[in-house]
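# Overview (structure and organization)
This is what each chain is made of:
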Amino acid sequence: MDKTIADLRQDYTLQGLRETDVNSNPFLQFKEWFDQALNADILEPNAMMVATTTTQGKPSARMVLLKDFDERGFVFYTNYNSQKAQELAENPQAALVFWWAELQRQVRICGWVEKVSNEESDKYFYSRPFSSRLGAWASNQSEIIENREVLEQQLEELQQQYYNKDVPRPPHWGGIRVIPAEIEFWQGRSSRLHDRLVYRKVEDGSWKIERLSP
C-alpha cells in the first residue's frame with residue numbers, strides 16, 4: 001500500500017545542540033554551520049527562503065541565494081521593482097530560513113532590511129557571468145508577460161547591444177541586507193524533541209541565548 005502524506009516522517013538522530021556547543025556570537029555560529037553545510041556537498045547551501053509582508057499583512061515567500069554575510073547582516077540581490085523589493089520598501093522587515101536536510105538543521109533569521117551601498121552592488125554585479133548581467137536587464141521581475149518568447153527576444157536584443165561591451169548594472173537592481181534582531185539555530189532530534197537555541201539582540205547590542213521548547 002502506498003504511503004500517505006501523513007505517513008511520511010523522518011526521525012532525526014545525527015546530533016544534538018547544547019548551549020555549551022555554540023559560539024556566543026551568532027554570526028560566528030552561523031559561519032561554522034554554513035562551512036559545515038559547504039563541506040557536506042549540499043546542493044546550493046546558500047539557498048534561503050525570504051518572507052515578506054505588505055503593509056496590510058499579506059505574506060509572501062520565495063527562495064533566493066545568500067551572496068554575502070558578516071556582522072552587518074545577510075545579503076541577497078534582486079530587482080528593486082520586484083514584488084519582494086516593493087514589499088520590503090513598504091514594510092522593511094523580513095524573515096530568512098535556511099534548511100540543510102543532510103545535516104538535519106535549520107536556521108531562522110528575523111530582522112530589518114536596508115539596501116546595500118552602490119559600491120557593494122557594483123562589485124557583486126560585475127562578478128556575475130555575462131549572461132546573468134544581461135538577465136538583470138532582460139527581466140522586468142514579477143511583471144506579467146505574454147509568453148516566454150518575449151523574454152527570449154529581449155535577451156537576444158541585449159546580446160547584440162552589448163556584444164564585446166561591458167554591461168552596466170541596472171539602476172533598479174542591487175543588494176538587500178537583512179539586519180537580524182533574532183537568529184534561531186535548530187537541530188533535529190529524535191521523537192520530535194528538537195533542539196532550538198535562539199539569539200536575541202538586547203539594547204546594549206549584545207546577544208542573549210535562550211532555549212525554546214520544540
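None of these values were measured; they are calculated from a predicted model.

## Observations regarding the overall build of the protein
For the protein, the count of helices and strands is five helices and nine strands. Reading the helices (α) and strands (β) of the protein from amino to carboxyl end gives α-β-β-β-β-α-β-β-α-α-α-β-β-β. Along the first, second and third principal axes, the C-alpha set of the protein runs to 60 × 60 × 40 Å. Relative to its full complement of 214 residues, the protein shows a buried share of 40%. The long-range fraction of contacts in the protein, counting pairs at least 24 apart against all pairs at least 6 apart in sequence, stands at 64%. Accessible surface for the protein amounts to roughly 12,900 Å². Of this, 49% is attributable to carbon and sulfur atoms.

## Observations concerning the packing of aromatic side chains
Inspection of every chain in the model, using the stated rule, returns 21 aromatic pairs. Centre to centre, the rings of Phe125 and Trp173 are 5.2 Å apart; their planes meet at 65°, and the pair counts as edge-to-face. Of this pair, Phe125 sits in helix H3 (residues 118–125) while Trp173 sits in strand S7 (residues 173–187); the two residues are 48 residues apart in sequence, bridging distant segments of the chain. Taking relative accessible area as the criterion, Phe125 reaches 0% and is therefore assigned buried. The class for Trp173 is buried, based on a relative accessible area of 6%.

## Points about the environment of Lys31
Within the secondary structure, Lys31 sits in helix H1 (residues 26–39). Taking the relative accessible area as the measure of exposure, Lys31 reaches 41% and is therefore partly exposed. Residues Lys31 and Leu14, 17 residues apart in the sequence, show an inter-C-alpha distance of 20 Å.

## Quick notes on the UniProt feature "binding site: substrate" (unreviewed entry) in the protein
According to UniProt, the feature "binding site: substrate" (unreviewed entry) maps to Arg9, Gln10, Asp11, Tyr12, Lys67, Tyr124, Arg128, Ser132, Arg192, Leu193 and His194 in the numbering used here. Spatially, the listed residues are scattered: they cover 186 residues, and their C-alpha atoms lie as much as 43.1 Å apart. Mapping Tyr12 onto the fold places it in the segment before H1. When its relative accessible area of 14% is taken as the criterion, Tyr12 is described as buried. Not counting the four nearest positions on each side in its chain, Tyr12 is found in contact with Trp99, Gln104, Trp186, Gly188, Arg189, Ser190, Arg192 and His194.

## Let's talk about the nonpolar core
Among the nonpolar cores identified, the biggest contains 32 residues, and Phe30, Trp100 and Val107 are the most heavily contacted of them. Elements with a minimum of two residues in this core: H1, strand S1 (47–53), strand S4 (73–79), helix H2 (83–90), strand S5 (93–100), strand S6 (105–115), S7 and strand S8 (195–201). Here the element with the most residues in this core is H1; it accounts for five residues. Look past the residues within four positions of Phe30 in its chain and what remains in contact with it is Leu66, Phe69, Phe74, Phe98, Trp100, Val107 and Phe185. Within the second largest apolar cluster, twelve residues are counted, among which are Val116, Ala136, Leu158 and Val167.

## Considering helix H4 (residues 130–138)
Taken together, the buried positions of H4 are Arg133, Leu134, Ala136 and Ala138. Where H4 is buried, its residues meet H3, helix H5 (148–161) and S7.

## Brief notes about the side chain of Glu182
With respect to the element layout, Glu182 can be found in strand S7. At a separation of 2.8 Å, a polar atom in the side chain of Glu182 contacts the side chain of Arg108. There is a polar contact of 3.3 Å between the side chain of Glu182 and the side chain of Arg200. For Glu182, the residues in contact, after removing those within four places along its chain, are Arg108, Ile109, Cys110, Val198, Tyr199, Arg200 and Trp207.

## Points about the pattern of salt bridges
As enumerated under the stated definition, the model contains 17 salt bridges in all. Between Arg148 and Glu152 there is a salt bridge whose closest N-O contact spans 3.3 Å. Residue Arg148 and its partner Glu152 are both found in helix H5; the two are separated by four residues, about one turn of the helix. Judged by relative accessible area, which is 42%, Glu152 ranks as partly exposed.

What counts and how
Residues numbered from 1 in each chain as written. Predicted model: local features only at pLDDT ≥ 70, side-chain atom pairs only at ≥ 80, totals over all residues. Heavy atoms only, no water. Helix = DSSP H or I, 4+ residues; strand = E, 2+ residues; numbered from the N terminus. Buried < 20%, exposed > 50% of the residue type's maximum accessible area, 1.4 Å probe, protein only. Contact = heavy atoms within 4.5 Å. Areas by Shrake-Rupley, 256 points an atom, 1.4 Å probe, with all protein chains shown as cover. Phe/Tyr/Trp six-rings, centres within 6.5 Å; stacked < 30°, edge-to-face > 60°. UniProt positions renumbered as here; feature names shortened; annotations may be inferred. Core = buried A, V, L, I, M, F, W, Y, C linked by side-chain atoms within 4.5 Å. Polar contact = N/O pair within 3.5 Å; in protein donor to acceptor, adjacent residues only side chain to side chain. Salt bridge = Lys/Arg side-chain N within 4 Å of Asp/Glu carboxyl O.

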